[in-house]
Amino acid sequence: MKKSLALLLVLALSISVFAGCGKKAVETAGGGDLPTIGVTIYKYDDNFMSFVRRAIEKNAEGSATLVLNDSQNDQAKQNEQVDLMISKGVSVLAINLVDPQAAATIISKAKDANLPLVFFNKEPSATDMASYDKCWYVGTTSAESGIIQGELIVEAWKANPEWDKNGDGILQYVLLKGEPGHPDAEARTTFAVSTVTDAGIKVEELELQTGMWDTVKAKELMDTWLSKHGDAIEFVIANNDGMALGAVSSLQAEGYFTNDKFMPVVGVDAIPDVLTKIEEGTMIGTVLNDAANQGKATVDLSRNVGQGKDPLEGTSWILDETKAVRVPYVAVTMENIEMAKKSYE
Ligand code: BGC
Ligand code: CA
């Protein structure tokens with residue numbers, strides 16, 4: 001035990017000495033003249049982001065050196081990580097913000113160092129994006145996920161009249177919201193519901209609270225809501241799959257999905273655990289948030305601009321007028337589950 005601790009210490013020391021050598025050390029870590037991409041993930045402990053991170057690592061293999069940082073959901077920490085990466089001489093920054101409002105701070109750091117910058121997953125405001133010509137965004141069109149989720153709800157609700165348990169013709173729902181202020185959370189919340197009402201279905205919101213994208217928090221909320229409303233709840237709408245999983249485990253503990261007790265639950269992301277739930281029949285659907293392609297586009301653009309090339313050189317991505325690559329969302333149900341599985345392989 002003691003021996004391995006000592007070994008760990010020696011290892012940790014040699015790594016920090018290595019990291020202390022500046023530009024050269026970072027670059028040689030990947031071999032030769034590869035560009036060094038300084039990456040931050042807002043927190044490693046996020047289900048979906050762990051898949052994006054994996055895709056980034058896979059796509060950088062042999063073509064770029066990565067410096068990866070876990071910002072631990074702390075913007076101050078992320079700012080320091082960015083300072084450190086700049087001082088070590090990375091070729092480009094690829095930033096998953098903690099706080100979308102902090103884009104301006106990161107942009108000014110990149111500007112001062114004359115470094116290109118690729119944001120991903122948490123979209124900065126259009127004003128921030130326009131304030132620096134060497135910054136790009138890789139993500140999605142947030143509203144699209146809400147619309148697709150709403151369409152899933154409409155189709156399923158119409159096909160299953162017995163889900164209107166109290167027979168009042170109104171869909172009583174609870175909604176698990178992601179992080180407030182996150183463009184995805186705001187747009188999904190708005191558009192999932194408006195798509196349902198636009199289809200002529202009357203709705204009643206029984207509860208709406210943030211579960212911060214988190215399974216454990218969502219389970220706690222769902223526990224409370226179930227004891228308060230019980231069977232008056234007719235639909236669970238979750239802004240992401242992580243929270244949908246929390247809702248499902250709360251429902252299972254209350255005896256749902258056995259005998260005739262059922263509750264429709266929808267999410268967004270299509271992470272493997274949720275695909276399993278769809279196959280088991282404990283979730284009706286989700287929306288593919290394509291982690292693999294978002295990770296790939298982040299590396300493709302970063303690698304290019306880190307070498308002073310056009311961001312799209314040698315790729316098939318398209319930039320919109322806000323300098324963003326937007327990977328499409330796709331509805332996922334039992335019918336096309338195999339496609340979703342491939343995307344998360
Ligand atoms: C995903 C969430 C994730 C969030 C992190 C969203 O696009 O759907 O699962 O927690 O990004 O920023
Ligand atoms: Ca009803």
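Before reading on, note that the structure itself is shown above.
Rules and cut-offs
- Residues numbered from 1 in each chain as written.
- Chains lettered and ligands numbered in written order.
- Predicted model: local features only at pLDDT ≥ 70, side-chain atom pairs only at ≥ 80, totals over all residues.
- Heavy atoms only, no water.
- Phe/Tyr/Trp six-rings, centres within 6.5 Å; stacked < 30°, edge-to-face > 60°.
- Helix = DSSP H or I, 4+ residues; strand = E, 2+ residues; numbered from the N terminus.
- Lys NZ or Arg CZ within 6 Å of the ring centre and 35° of its normal.
- Near = heavy atom within 4 Å.
- Polar contact = N/O pair within 3.5 Å; in protein donor to acceptor, adjacent residues only side chain to side chain.
- Areas by Shrake-Rupley, 256 points an atom, 1.4 Å probe, with all protein chains shown as cover.
- 1 Å grid on protein atoms, 1.4 Å probe; cavity = no way out; pocket = protein on both sides within 12 Å on 5 of 7 lines; lining within 4 Å.
- Sits in = over half its atoms within 2 Å of the grid points.
- Nonpolar A, V, L, I, M, F, W, Y, C, P; charged D, E, K, R; others polar.
- Core = buried A, V, L, I, M, F, W, Y, C linked by side-chain atoms within 4.5 Å.
- Buried < 20%, exposed > 50% of the residue type's maximum accessible area, 1.4 Å probe, protein only.
- Domains from an automatic or database assignment.
- Contact = heavy atoms within 4.5 Å.
- Donors = N, O, S within 2.8 Å, 3.2 Å for Na, K, Ca; no water.
- Pairing = 2+ DSSP bridges.
- Axes fitted to C-alpha atoms, helices over the stretch in contact; angles between N-to-C directions.

Section: the packing of aromatic side chains
The geometry of an aromatic ring pair is captured by the separation of the ring centres together with the interplanar angle, meaning the angle of the planes.
Next up, step 1: Within the structure shown, the criterion is met by six aromatic pairs.
Next up, step 2: Between the aromatic rings of Trp157 and Phe235, the centroid separation amounts to 6.4 Å while the plane-to-plane angle is 50°, which identifies the pairing as tilted. In this pair, Trp157 sits in helix H7 (residues 142-159) while Phe235 sits in strand S8 (residues 235-238), placing the two residues 78 residues apart along the sequence.
Next up, step 3: Three or more aromatic residues joined by ring pairs make a cluster, and in this case those are Trp157, Trp163, Phe235, Tyr256, Phe257 and Phe262.
Next up, step 4: Lying over the aromatic face of Tyr42, Lys122 brings its terminal NZ or CZ to 3.7 Å of the ring centre.
Next up, step 5: Over the face of the ring belonging to Tyr256 we find Lys261, whose NZ or CZ atom lies 4.4 Å from the ring centre.

Digging into the site of ligand 1
Next up, step 1: Residues in contact with ligand 1, as listed here, are Tyr42, Asp46, Phe48, Asn121, Lys122, His182, Asp184, Arg188, Trp213, Asn240, Asp269 and Asn289.
Next up, step 2: Residue Asn240 places a side-chain N or O atom 2.9 Å away from an oxygen atom belonging to ligand 1.
Next up, step 3: Relative to its unbound accessible surface of 310 Å², ligand 1 loses 99% to contact with the protein.
Next up, step 4: In a pocket analysis with a 2 Å cut-off to the grid points, ligand 1 is assigned to the largest cavity.
Next up, step 5: Counted by class, the shell around ligand 1 contains three nonpolar, four polar and five charged residues.

Some remarks on the nonpolar core
Next up, step 1: Judged by nonpolar contacts, the single largest core of 60 residues is most densely connected at Phe120, Leu176, Met222, Ile233, Val236, Leu251 and Val265.
Next up, step 2: Here this core gathers at least three residues from each of two domains, domain 1 (36-140 + 290-327) and domain 2 (143-288).
Next up, step 3: Aside from chain neighbours lying at most four places away, what touches Val236 is Val174, Leu176, Met222, Ala247, Leu251, Met263, Pro264, Val265 and Val266.

A look at the coordination of the calcium ion (ligand 2)
Next up, step 1: Bound to the calcium ion (ligand 2) are the protein donor atoms Asp164 (OD), Asn166 (OD1), Asp168 (OD), Ile170 (O), Gln172 (OE1), Glu234 (OE) and Glu234 (OE), situated 2.2 to 2.5 Å from the metal.
Next up, step 2: As a motif over one chain, the donors of the calcium ion (ligand 2) read D-x1-N-x1-D-x1-I-x1-Q-x61-E. Here Glu234 lies in the loop between helix H9 (215-229) and S8 and Gln172 lies in strand S6 (residues 170-177), a separation of 62 residues in the sequence.
Next up, step 3: Judged by relative accessible area, which is 4%, Gln172 ranks as buried.

Re the sheet that holds strand S7 (residues 202-210)
Next up, step 1: As summarised here, the arrangement of the four strands in space is S7-S6-S8-S9, forming an open sheet in which the pairing is parallel. At either end of the open sheet lies a strand with only one pairing partner, and these are S7 and strand S9 (265-266).
Next up, step 2: Where S6 and S7 come together, eight bridges link them in parallel fashion. In the strand pairing of S7, Gln172 is matched with Glu204.
Next up, step 3: Each of S6, S7 and S8 is contacted by helix H8 (residues 183-198), which is oriented at about 170° to S6, the strand it contacts most.

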